[in-house]
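The chain contents come next:
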Amino acid sequence: MTTVINANVSSQKSWFKWVRDNLFSSVAGTIQTFAFAALVVVVLRWLLGVAFAEKNDWTAVATNMRLLVSYNYPLSQFIRIWVAAGVLLVCAAASLGAWRFDPALTVKRMARTFYSVAVVAALCALLMPSSAPGVLVRTLWLVSTVLAIAGFAASAVASKRNNLTVSFGALLTSSVVGLLAILWFVPFGNYGVVGGSPFANPGDTVARSTKEPWTVIFTLVLFTFWASRALGTKTVAIVRSALLAFWLVGPAFLIFVVLRDPAFDWQRVWAVDVPLAAGFAFGGGLLVYLLAKPTRSSLARLVGVALSAFAILNWVAGFFGWYGMLQKVRISMLLLAILVLILPAFAGSQSKRLRIAVAWGGFILVLHWLITAINTPSTLVISAPPFLGGFTLTFAISYYVVLASFPLGVLLALARTSDLPLFRMMSTAYIEVFRGVPLITILFLFTVMLPLFLPRGMAVSDLAAVFAGYSIFSAAYLAENVRGGLQSVRQGQYEAANALGLTVFQRTLLIVLPQGLRVSIPNLVGQGIATLKETSLIAIIGGFDLLRIANSTIPNQPQFLGQKRPGLLFIAMVYFILAYTMSKSSQRLERRLDAGRM
Amino acid sequence: MSSTKPNDNTGQSPRRNMITCRGVKKWFGDFQALKGVDLDVGEQEVVVVLGPSGSGKSTLIRCINRLEVHQEGIIEVDGVELTNDLRNIEKIRSEVGMVFQLFNLFPHLSVLDNITLGPIWVRKKARVEAEKTAMELLERVGIPEQAAKFPGQLSGGQQQRVAIARALAMEPKIMLFDEPTSALDPEMIAEVLDVMRDLARRGMTMVIVTHEMGFAREVADRLVFMESGEIVEVGTTEQFFSAPREERTKKFLSQIL
């Protein structure tokens, strides 16, 4: 017992010492501390005053939650958004488990976090304006007290066993259980609009249509996390490659899950799209396999020339309208012709030929999938009547833009630093052109002008146009960030890789990129955060993203006329949480990659 | 120039030639770094290249695995001439191990991964097998306990020993050393030289650029003295140190011994 008391005294002493050394070490320091504290109090008081002023009606946000999350997405189809979100979260949990994600989280640090949140909550409760709802102030005091007690308990435990850590699994489990408990038992009130006027059942928790899917998803998340963690070394390798495959191609499927037209023409897909893809994948693969034999290189050249002539003829015919043909047939034909033309350079052993054929087949399948997905008329048309909007739209656009612009940006950066002048020039031109044009111009260009240039019979949905334009724009910035990292890789690394006999491709993939990308992480994450925030520009071309809903949709509802502030403050918080999460995880990634390295 | 004809009465071994250089010339812009170098290195021979800084020693051995491209002359490695054919170069590089002055380990890979990288990706070995070999090599250079660490956590001498192990993992026919101890603190030089000595004993063909005279005298079969881009004198170790023929060699030796 005495040891505990002693430990507490000493920890209190050290706490006291920290305050003295860091906050009140000198006269100037003391003045600074008080000035800063005063500033914090003033700013916080002002913010709370703005947020909870008398005229602000926060039910405007609570009632419009569905609008803010997914806009007009039909209720009957909501299951698709749940499925997409669920698959993403479950796969994320499985990845965390499969890669044995377990940062050392000390109880000491947890105590510190508890204390600081408790202080902030107490401060907020103290500085609340009188117009704030009483229940909120009481809740803040409650949270503050509970966290202070938890912090005290944690630091008492930590002082006994100094390096006690909490496993990530325990943390995840307790957070998920806590979240579910909040979802089911905390009386947020159940908001809605009935007969044109808003109502709230203050005693209720959130709607069942929300908490039931979350319960299912969270349960699955926990289950997959622990299951993937318990896997043996052999199975985990398979699961890891499956997960990698999912992260590579899964998103393309998920967007389709969300955006597919309810009246989607499956018949056409089975009658036209699938046979075409299969034909090109297997037929082309077979052709490539047969022609890649070194003894058949002259035949390969002949076939290549013939195919190219035919492929070019198709494009010319399409231009003059001689005969109709699906655009993807033209594209695939041209690609196949190019591959066959350069095939003699890759000719080799049987296993090598098989690899080339399989690579071609896989490439064609993915390409056809993407073309079908992009070309399928979805119910999403960004000009009225909007279908998808709000957080889902913001998240989807930023997620896919980051996903698509990353490989493109890395390729551009590699091209710009390559020894081949043609690559360098092309990449430089691309980067300079797209960096020199404002994003909003590109978005207009792609949604308004692009359809005019497309051949007849080919349509691009507005979302696909935004997505493509934004990715192309973002890739130009990303390329410059990556280039900075690539240039930091020292010459000796190239020489060492060369001296081992690595090919240029292996050298780039195994030596240069890992080192270069690590250096560019802060910039890349900055770019990602910028991408997230700039999605609000799609409001200008007619999209209903978070900002537009908060700034013009909600204030124009008859029940909430002019209620801008709550919505804007709410979405500011959403953006902040997303950006802060990204920034925090990038810091963690940096620390992890930095451990023990030069 | 006429006085600098190499290979005359140089104790040229009857062994098979692993490296053959004929009239190798190399310019960096206007500066001529190699002015027509002729050199033969036989199988299992240890050749030490000496010379003042800027004499072209490093350039010469960097030409041998084409980290630098020579503009004139012929270099043959194990009977294959170095040309611009990429596959040819990659093949030769995988047969020629290189150890650098500044180690050039890959900082983002663990010691073990540094060593297994080449065998796995170039030699297409199975990982398990490559790791087994890597551990044997670490054993041989005396630091098996550092396998899981990253290069940044190792001392200079340990890093250079890892670099040697990395080169050996490719089972090279020839090892090139470009001032392997010049960036090391004095107390770490010995541990690296021990490893190299062991290699020489095992019959590895080696070309070494170094300033360690005692070491050169001990392990070298032949010594090559270079100055301003040309070979001044080639001789057996004994003849080179006791009875150098060229005036410039004598001057150099008197300065550093």
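Residues numbered from 1 in each chain as written. Chains lettered and ligands numbered in written order. Predicted model: local features only at pLDDT ≥ 70, side-chain atom pairs only at ≥ 80, totals over all residues. Heavy atoms only, no water.

Some details on the packing of helix α19 (residues 491-499) of chain A against helix α20 (residues 504-534) of chain A
Residue and element names in this part refer to chain A. At a closest axis distance of 10 Å, the pairing of α19 and α20 adopts a crossing angle of 160°. By the angle between their axes, α19 is roughly antiparallel relative to α20. α20 is crossed by α19, and the crossing has right-handed handedness. On α20, the residues that touch Gln 493, Tyr 494, Ala 497 and Asn 498 of α19 are Arg 507, Ile 511, Val 512 and Gln 515. Residue composition of the contact of α19 with α20, by class: four nonpolar, three polar and one charged. (Axes fitted to C-alpha atoms, helices over the stretch in contact; angles between N-to-C directions. Helix = DSSP H or I, 4+ residues; strand = E, 2+ residues; numbered from the N terminus. Parallel < 35°, antiparallel > 145°, perpendicular 65-115°, else oblique. Left-handed = near helix turned anticlockwise from the far one by under 90°. Contact = heavy atoms within 4.5 Å. Nonpolar A, V, L, I, M, F, W, Y, C, P; charged D, E, K, R; others polar.)

A word on the sheet that holds strand β8 (residues 205-209) of chain B
All names here are of chain B. Sheet architecture is open: six strands sit in the order β6-β7-β8-β3-β9-β10, paired in mixed fashion. The sheet is open, and its two borders are formed by β6 (96-99) and β10 (230-236), each paired with just one other strand. Recorded for the sheet is a direction-independent mean angle of 15° between the axes of neighbouring strands. The pairing of strand β3 (residues 46-50) with strand β9 (residues 222-227) spans four bridges and is classified as parallel. Bridging across to β9, Val 48 finds its partner in Leu 223. Contacts between helix α6 (residues 186-201) and the sheet are confined to β3, β7 (174-178) and β8, with β8 contributing the most and set at about 145° to the helix. (Pairing = 2+ DSSP bridges.)

Notes on the sheet that holds strand β1 (residues 17-28) of chain B
Residue and element names in this part refer to chain B. The strand order across the open sheet formed by four strands is β2-β1-β4-β5, and the pairing between neighbours is antiparallel. Lying at the two open borders of the sheet, with one neighbouring strand each, are β2 (31-42) and β5 (80-81). Two elements, β1 and strand β4 (residues 72-77), share five bridges in a ladder whose sense is antiparallel. Bridge pairing links Ile 19 to Val 77 in β4. Sheet strands in contact with helix α1 (residues 57-64) are β1, β2 and β4, and its direction is about 60° off that of β2.

Interpretation note: all reported values are geometric properties and have no functional meaning in isolation.
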